[in-house]
Amino acid sequence: MKTIVICSGGLDSVSLAHKVAAEHQLIGLVSFDYGQRHRKELEFAGACAKRLGVPHEIIDITAIGRHLTGSALTDDVEVPDGHYAEETMKATVVPNRNAIMLAIAFGLAAAQKADAVAVAVHGGDHFIYPDCRPGFIDAFQQMQNQALDGYASVSLCAPYVTISKADIVADGARHETPFAETWSCYKGGERHCGRCGTCVERREAFHLAGIADPTEYDDADFWIAATSGFSAEEVK
């Protein structure tokens, strides 16, 4: 399938780009600048596109992002530390972000005669982010079938939607993803902080996958206390 990958520059989407390049016909990466404080991730997305030899488009939706207020990812709100599935992580929700990005990506795919749009939402996102759950993915596909009826047929490819971050690390390793060339941290500092939800999840994923983590963290051991004894009920 001729596939466009939505790539943030994070571990998940870069791993997905390498997977699609190996298994399908990767025709490009698309990233979104919505005013996120960790926009340095976009540089990693660009590096991924260059490595895989495909075009990289950055879509500027900062004008929209300015109105999606209240998130620690876009506003002057402190990014919480702790387990990625804690209630406090709801501060990192950007309302309807994936629906907005996917709608644009599907328009690009239809215009470019692509067969699919791939997105790296995964099982660990289900606790906090409603637009990362299987129900959303299925409903979005149905909506796009109607929106493009008679004009284009584009599939939404979400191969990680029911698996864990550790599974993604294992899959990325199989496809020779250069994990050091990915950015996850929500705080956007010089190095990964090691304390925000996505850093904790990243560090834990490498541990569970049994794969060496090449990431440099300001606090490399915080994840142990953050994940110890914590459990969260899966949200479908």
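Our structure is the block above this text.
Here goes a summary of the coordinates provided. Along each chain, residue indices are assigned from 1 in the same order as the chain's sequence is written. For a predicted model such as this one, the threshold for reporting local features is a pLDDT of at least 70, and the threshold for listing and counting side-chain atom pairs is 80 or more; totals across whole chains, interfaces and linings nevertheless cover every residue. The side-chain values count all of the structure's non-hydrogen atoms but skip hydrogen atoms and water molecules.

## Observations regarding the packing of aromatic side chains
Inference 1: Two aromatic rings, drawn from Phe, Tyr or Trp (for Trp, its six-membered ring), form a pair once their centres lie within 6.5 Å of each other, and the interplanar angle then sorts them: stacked below 30 degrees, edge-to-face above 60, tilted otherwise. Under the criterion given, the structure shown has four aromatic pairs.
Inference 2: Note on Phe-106 and Phe-140: the rings are 5.4 Å apart at their centroids and 65 degrees apart in plane angle, and the pair reads as edge-to-face. Of this pair, Phe-106 sits in helix H4 (residues 97-111) while Phe-140 sits in helix H5 (residues 134-147), placing them 34 residues apart in sequence.
Inference 3: Residue burial is assigned from relative accessible area. The probe radius is 1.4 Å, only protein chains are included, and a residue is buried under 20% of its type maximum, exposed over 50%, and partly exposed in between. With a relative accessible area of 4%, Phe-140 lands in the buried category.
Inference 4: An angle of 90 degrees between the planes, with centres 5.1 Å apart, marks the rings of Phe-179 and Phe-206 as edge-to-face. Taken together, the residues Phe-179 in the loop between helix H6 (165-174) and helix H7 (197-209) and Phe-206 in helix H7 connect sequence positions 27 residues apart.
Inference 5: Phe-179 gets classed as buried once you look at its relative accessible area, which sits at 8%.
Inference 6: According to the relative accessible area criterion, Phe-206 is buried, its value standing at 1%.
Inference 7: What links up through ring pairs into an aromatic cluster is the set Phe-106, Phe-136 and Phe-140.
Inference 8: Remark: a charge is flagged as sitting over a ring if the NZ atom of Lys or the CZ atom of Arg is within 6 Å of the ring centre and within 35 degrees of the ring normal. Sitting above the plane of the Trp-183 ring, Lys-40 keeps its charged end 4.0 Å from the centroid.
Inference 9: The ring of Tyr-151 is capped by Lys-113, whose NZ or CZ atom sits 5.4 Å from the centre of that ring. Strands here are runs of E lasting at least two residues and helices are runs of H or I lasting at least four, both read from the DSSP assignment and numbered beginning at the N terminus.

## Considering the pattern of salt bridges
Inference 1: By salt bridge we mean one thing: a side-chain nitrogen of Lys or Arg within 4 Å of a carboxyl oxygen of Asp or Glu. Applying the stated criterion to the full structure yields seven salt bridges.
Inference 2: Notably, a salt bridge pairs Glu-23 with Lys-19, separated by 3.4 Å at the nearest N-O pair. Residue Glu-23 and its partner Lys-19 are both found in helix H1 (residues 11-23); the two are separated by four residues, about one turn of the helix.
Inference 3: Residue class for Lys-19 comes out buried when judged on its relative accessible area of 15%.
Inference 4: Close ionic contact of Arg-195 with Asp-219 constitutes a salt bridge, the shortest N to O distance being 2.9 Å. Taken together, the residues Arg-195 in the loop between H6 and H7 and Asp-219 in the loop between H7 and helix H8 (222-227) connect sequence positions 24 residues apart.
Inference 5: With relative accessibility at 29%, the residue Arg-195 sits in the partly exposed group.
Inference 6: We classify Asp-219 as partly exposed; its relative accessible area is 23%.
Inference 7: Through salt bridges that share partners, Lys-19, Glu-23, Asp-171 and Arg-174 make up one connected network.

## Comments concerning the packing of H6 against H7
Inference 1: Following both chains from N to C, one finds H6 and H7 inclined at 65 degrees, their axes separated by 8 Å at the closest point. For the element pair H6 and H7, the recorded crossing hand is right-handed. Only Glu-201, Arg-202, Ala-205, Phe-206, Leu-208 and Ala-209 of H7 make contact with H6, whose side of the interface consists of Lys-165, Ala-166, Val-169 and Ala-170.
Inference 2: Polar here means any residue other than Ala, Val, Leu, Ile, Met, Phe, Trp, Tyr, Cys and Pro, which are nonpolar, and Asp, Glu, Lys and Arg, which are charged; Gly is therefore polar. Of the residues contributing to the contact of H6 with H7, the split by class is seven nonpolar, no polar and three charged. To get an axis, a line is fitted to the C-alpha atoms, and for a helix only the part in contact is used. The angle between two axes follows their N-to-C directions and goes from 0 to 180 degrees. Handedness of a crossing follows from how the near helix is turned relative to the far one, being left-handed for an anticlockwise turn of less than a right angle and right-handed for a clockwise one. It only takes one pair of heavy atoms within 4.5 Å for two residues to be counted as in contact.

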